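Below, each chain spelled out in residue letters.
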Amino acid sequence: MPDFEDRVAVVTGAGSGIGQEVAVEFAAAGARVVVGDVDEEGGRETVEQIESAGGEATFVDADVTDMAAVESMVETAVDEYGRLDFGVNNAGIGGDQKPTGEYTEEGWERVIDVNLNGVWRCTKAELERMAEQDGGGVVVNMASVLGLVGFGTASAYTAAKHGVVGLTKTAALEYAEQDVRVNAVCPGFVETPLLADAGITSDEEMREQIEGLHAMNRLGRPEEIADAVLWVCSDGASFVTGEEITVDGGYTSR
Ligand code: NAI
């Protein structure tokens, strides 16, 4: 595990699943963590988990569809802990599952607003801060294998995640000389409440079908994604920027 003593991280969607695991691992590595989420109960549970293990964290009720809330989340990191080293833009929703032609405009826009515009809002606020401080920083955007390939009945999600990869590469080019690295992590399907809400893990047949899309014939675990996030934030990844880091049990190797 990297040593993140004296470092400060913001993690969005940190009240559940992958984001919760990322926040807990950051704290275990010594970082102080701002836990952002719209789910106050989940966010406070993450803070409790961190504090009971001897770490430091603060919950911020931050909806990534609200620019002012995102800015105030980044300010909290600076006000409480003095700086911002890592921004992990992870909050996301599954959205409607239906053929492209059957989406409503509202259903489409909701997924794009949370999963793409939300990542941009956070990236913007973090870059502004990191570019002006000594030592720069690292932004990690949570994309998906569906940011790299298509997937029937999830065109809004897939479009948003492809957008996240494009945004990541472009920001990486723009901020590389200011010591800010920007990368995307692209998980395969991971066992979290998001998959349960989409009915994937509760339906045995669907679960097996999804597992079979991965060469390892299983779903990922949140800690397997968190480990990749921590690595890309560490000095061990000091020459890595603009990458889509795929952690998918062989999904995209087929
Ligand atoms: P999850 O549903 O367990 O956690 C998502 C968290 O984001 C929740 O705590 C939720 O309250 C929060 N959130 C939702 N909308 C928000 C908003 N507008 N503002 C702030 N917070 C908000 O989901 P999971 O699986 O941990 O997903 C995390 C990220 O990983 C998402 O971006 C998802 O698209 C991505 N991902 C998940 C995969 C999976 O199979 N579980 C696969 C690939 C990517």
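Rules used in this analysis
Residues numbered from 1 in each chain as written. Predicted model: local features only at pLDDT ≥ 70, side-chain atom pairs only at ≥ 80, totals over all residues. Heavy atoms only, no water. Near = heavy atom within 4 Å. Polar contact = N/O pair within 3.5 Å; in protein donor to acceptor, adjacent residues only side chain to side chain. Helix = DSSP H or I, 4+ residues; strand = E, 2+ residues; numbered from the N terminus. Nonpolar A, V, L, I, M, F, W, Y, C, P; charged D, E, K, R; others polar. Phe/Tyr/Trp six-rings, centres within 6.5 Å; stacked < 30°, edge-to-face > 60°. Buried < 20%, exposed > 50% of the residue type's maximum accessible area, 1.4 Å probe, protein only.

Colleague: Can you lay out the site of the ligand for me, pointing to particular residues and giving the numbers?
Modeller: Taken together, 29 residues lie near the ligand, and Ser16, Asp37, Tyr157, Val190 and Thr192 sit nearest. In this structure, an oxygen atom belonging to the ligand sits 2.8 Å away from a main-chain N or O atom of Asn90. Thr192 places a side-chain nitrogen or oxygen 2.5 Å from an oxygen atom of the ligand. The set of elements that each furnish at least two residues to the shell around the ligand consists of helix H1 (17–28), helix H5 (155–175) and helix H6 (193–197). In terms of residue count, the dominant contributor to the shell around the ligand is H6 (three residues). Within the shell around the ligand, the residues separate by chemical class into 16 nonpolar, nine polar and four charged.

Colleague: Could you give an account of the packing of aromatic side chains, naming the residues involved and the relevant values?
Modeller: This model, assessed by the stated rule, comprises six aromatic pairs. Measuring from centroid to centroid gives 5.7 Å for Tyr103 and Trp108, while their planes differ by 80°, and the two rings are edge-to-face. You can call Tyr103 buried: its relative accessible area is 12%. For Trp108, a relative accessible area of 30% translates into the label partly exposed.

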